[in-house]
Amino acid sequence: MRRRDERAGRTGPGPGRTGRTRLPLRKSLLGRLLTVSALVASCSVAATAWLAVQTTSVAIRQEQGRNLSTDARIYDTLLGYAAGHPDWAGVDGTVRDLARESGRRIVLTTEDRQPLLDSAAGTAPPAELPTQASAVVDPLSVDTVLVPDAVPVGTDRVDPRAVGPFLLPAKERTVLRRATARSAECLAGMGIAADVVDSPSGRPWVRFVSDGTDRDRELKCLSVDGAATTTTEKKALRALEQLADACLKRQGRTGVKLNLDLSWDRGYGQEGTDVGSSAPVPVPETGISKEEVIERRLAEDKAAAAGTTDGAAQARGSGYDRAVAACVGSARREQLTAYVAAPALLFIDGPGAVSVPGFDLSPANTARIAGVTALVLALTVGASVIAGTRLVRPLHALTGAAQRMRDGLDSAPVPVGPDNEIGRLALAFNDMAAHRTRLEEQRKVMVSDVAHELRTPLSNIRGWLEAAHDGLAEPDPAFVSSLLDEAVQLQHLINDLQDLGAAEAGALRLHLEPVFVDELLGQVAAAHQGPAETAGVSLEVATAPGSPPPPPVEADPVRLRQAVSNLLSNAVRHTPPGGRVTLRPYVTQGGDAVAVEVSDTGSGIPAGDVPHVFDRFWRAEKSRNRSTGGSGLGLAIVLKLAEAHGGTVSVTSTEGQGSVFTLRLPAMTDEDAERPRADEETAVRPLDDGPETTALSG
C-alpha cells in the first residue's frame, strides 16, 4: 500500500503541460521591480545627498563668513582699544558689549595664559581654554589676515591708531583745524571738492574727493600754517630720530633726518636717476598733511629737473634705505611700547562658550530643497508609471481574454512576451484556453455519444412495446427475452457511466486486500470461457513452467476483476474465429510491480488510433455500429481503475496481427503484508485532471 501511495504522489506534468525551470532573477518580475526600486532609491539618495552637501556647504560658507567677519570685528575693536590705552584695565565693558552683540564667548589672557577677562565669567563654570588662541592682540604687530586693510602693504605692521607721543593736545588741534578749514573753503571756491579729516593723532588734513585735481590750483589754497609741524610733533619726532640713529650707529651707518610722515631725505644719481628706494616708506595718517606732501614733491621735481641735489643728501645705495626702514620700524615700536597695552591672547568661542552659533535655512536654500524634492518626486512617479504601465498591459490582455471566455466567446491567444513571470502566465493562460476548448469539444462529443448509446436500446424497447400495444407482436417468452436483453444493455451502459464518473470524481471506494493475480486470472478466464468458445476463440492463461507465482497485490478484487474482464471482453470481441487470447501474469524487471498481459491475434489497431483507445466512447467502428457489442467505455474504465490502484495500463498493437494490453499494479512487500489493515473502506485519491477527466461533469 505504501508503494502505491508513493507512486501516486509522484505525479509528473499533466497533458499539455511543460516543465519549466525557475526564472533567473534578472529576468523575473521580482528582479525588475527590485531594479526599479533600487534605481529610484539610488536617485533619491543621490539627489538628497547632493542637496544636503550643497546646502550644508553653502550654509557652512555663509556661517564661516559671518564668523570670520565677527572675529575680525572683535579683533579690530580690541586692537583699537590696545592702541589707545597703556593697559587692559578698562576693557571689561568693551569685551562684554562685543560678547553680547556677537553671541560669542570672548576671553583675553596674557601671553603666559594668565586670564585678563572672560565674558562668560559668572554665567557658567569656567571652561578650559583651547591650546591655540584665535589671535594675538598686539597693536605693534597687527595680524593682517584678520584685518587686511588695517595697515598698507610695505609698512612695519604697527596699528595706525597707535600714535603715542604724536597725540596732539586740544590747543594745537584747534589751531590746525582753523587753518585746514580755511584751505578747504578756498578749494571749494575754486570748484575743488575737499573734506577736513582728523587723523588718529588729532592732526586735521584735507582729503580730496577726486584724485584728478589741478595741482597748481591746490597749492594756491593750501595754508602753510596748516602744514607746519607742531611743538608736540617736533618733540616726538626728535625722540624717534634719536632711537633710529642709535640703531643705525650700531650698524656703522650715519643718522637719518625723518619727516613727519616718517620718510627721510634721500639722494639722486648723476643722471637724475634714483639710486635709492623708489619711494619713502609711508605711514598713513601720522600727522603729515597732504599740503606738505605736495610741497615736498614739487621741490623734489624741481631739484631733479635742475640736476642738483642738496649737498647733504648724497646718493646712497638701496641697502641704506632698507637699514633705515628697519631701524625706524624698531624705533617706532620701542617709542610706542609705553603708550599701548601689552600683547594679549584672544580666545573666541572656545569650549564652554555661552552660545553656539548656528544657521537657518535661507529662502534660497529652502526653494532649492523644494525644487530638488519635486524633481525626485516627479522622476519617481514617472518611473513608477512607466514600469506599472509595462507590467499592467499584459494583465489587461489576460483580463479581457478571461472575460470573453466567461461570456462564452472564443478568445484569441494572448500575446506571449519575454520569458518572465507574466510571459509564463500568458503562456499558461493560452494552454488553459486551448485545454478548455478541447474539453468543451469532448463534452459535446460525449453528450452526443451518450445520447446515441442510450437511443438504440430505448428505441428497441419502445418499438417492441408499441408493437405489442398495437397487437402486432405477441408477448411470448422470446418477446420478453428480447426486451430483457435491451434493458440489460441499457443498465450496463448506465453502470459504466456511473463507475467512470465516480472514478473521475474521486468518489470511488475501494475495499483493499491482498489479491493473488494468478488466481484472479483463472477465475476471469473461467467466466469468459463460454463466450470465447461461442465466438470460436481459444482462451488460455499462460504461466512459465517452474516459475514461482507472482507476489500478491493490494487491490479491490471486484474492481480488479472488472478491469481484467473489460480487457478480456475487448480482446475476444476483436479476435476472429480461430484466433487466440492469452492471459499472462508476470513480475516486472524491477520486481516492484505485477503485470497482467492480455494479448490477442485479432485485427489489431491502426497506429493513428492507438493514442485514443482509452478515450470515452471511442470505438474502432467509425459508424458507431453496435453489432460488435460494447458501449465504448470499457477501456476508459480500465484506465481509471488502474490509476485508482496506483498502477498503469498501456497498449501495443500491430494492425492485422493483434494487440497486447498490459495492466501494471504495485506489488506488496513483506512489510505491507505484515501490516494490519483497517476494516473501514479506503477512499481513492482524486485522479489527475488530465484532458479527459472533467468531461462527464459537463
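Preceding block: the structure.
## Points about the overall build of the chain
Each helix and strand in the chain was counted, giving 17 helices and 15 strands. The 698 residues of the chain split such that 38% are buried. Surface accessibility of the chain: about 38300 Å² in total, with carbon and sulfur atoms responsible for 56%.

## Focus: the sheet that holds strand 1 (residues 106-109)
Strands sit in the order 2-1-6-3 across an open sheet of four strands; the sheet is antiparallel. The sheet terminates laterally at strand 2 (115-118) and strand 3 (135-137), the two strands that pair on one side only. Each neighbouring strand pair of the sheet contributes to a mean axis angle of 25 degrees, computed without reference to strand direction. The pairing of strand 1 with strand 2 spans three bridges and is classified as antiparallel.

## Some words on the pattern of salt bridges
Within the structure shown, the criterion is met by 13 salt bridges. Here Arg 161 and Asp 76 are joined by a salt bridge, their closest N and O atoms 3.0 Å apart. Taken as a pair, Arg 161 in the loop between strand 3 and helix 4 (170-189) and Asp 76 in helix 2 (residues 29-84) lie far apart in primary sequence, 85 residues in all. Look at Arg 161 and you get partly exposed, because its relative accessible area is 32%. Since its relative accessible area comes to 27%, Asp 76 is described here as partly exposed. Here Asp 97 ties to Arg 100 by a salt bridge, and the two come within 2.6 Å at their closest N and O atoms. Linking Asp 97 with Arg 100, this pair stays in helix 3 (residues 92-102), spanning three residues, or about one helical turn. Look at Asp 97 and you get partly exposed, because its relative accessible area is 34%.

## Brief notes about the nonpolar core
Counting 48 residues, the largest nonpolar core has Val 553, Leu 560, Val 581, Phe 614 and Leu 663 as the members making the most contacts within it. Apart from residues no more than four positions distant in its own chain, Leu 560 is found in contact with Val 515, Leu 520, Val 553, Ala 555, Leu 663 and Leu 665.

## Let's talk about the environment of Leu 33
Within the secondary structure, Leu 33 is located in helix 2. In the structure, Leu 33 is positioned 355 residues away from Gly 388 in sequence and 9.5 Å away in space, judged by C-alpha atoms.

## Here's the deal with the state of the cysteines
Scanning the model with the defined rule gives one disulfide in all. Disulfide partner of Cys 247: Cys 327, at an S-S distance of 2.2 Å. Given an S-S torsion of about -60 degrees, the disulfide between Cys 247 and Cys 327 has left-handed geometry. On the criterion of sequence distance, the pair formed by Cys 247 in helix 7 (residues 231-250) and Cys 327 in helix 9 (residues 318-336) is long-range, its members being 80 residues apart. By relative accessible area, Cys 327 is classed as buried at 1%.

## Some remarks on the side chain of Asp 159
In this fold, Asp 159 is placed in the loop between strand 3 and helix 4. A residue is classified by how much of its surface remains accessible, and Asp 159, at 0% relative accessible area, is buried. The contacts of Asp 159, once residues within four sequence positions are left out, are Leu 79, Ala 83, Pro 139, Val 142 and Arg 332.

## Notes on the pairing of strand 12 (residues 593-600)
Within strand 12, eight of the eight residues are buried, which leaves it mostly tucked inside the rest of the structure. Neither face of strand 12 is left uncovered, since the one carrying Ala 593, Ala 595, Glu 597 and Ser 599 and the one carrying Val 594, Val 596, Val 598 and Asp 600 both have all their residues buried. Sheet analysis places strand 11 (residues 580-587) next to strand 12, joined by seven bridges and oriented antiparallel. Considered in strand 12, the bridge of Val 581 is made with Asp 600. Sheet topology note: the strand 12/strand 14 (residues 658-666) ladder contains seven bridges and is antiparallel. Bridge assignment links Val 594 to a residue of strand 14, and that residue is Leu 665.

Procedures and definitions
Residues numbered from 1 in each chain as written. Predicted model: local features only at pLDDT ≥ 70, side-chain atom pairs only at ≥ 80, totals over all residues. Heavy atoms only, no water. Helix = DSSP H or I, 4+ residues; strand = E, 2+ residues; numbered from the N terminus. Buried < 20%, exposed > 50% of the residue type's maximum accessible area, 1.4 Å probe, protein only. Areas by Shrake-Rupley, 256 points an atom, 1.4 Å probe, with all protein chains shown as cover. Pairing = 2+ DSSP bridges. Axes fitted to C-alpha atoms, helices over the stretch in contact; angles between N-to-C directions. Salt bridge = Lys/Arg side-chain N within 4 Å of Asp/Glu carboxyl O. Core = buried A, V, L, I, M, F, W, Y, C linked by side-chain atoms within 4.5 Å. Contact = heavy atoms within 4.5 Å. Disulfide = S-S within 2.5 Å.

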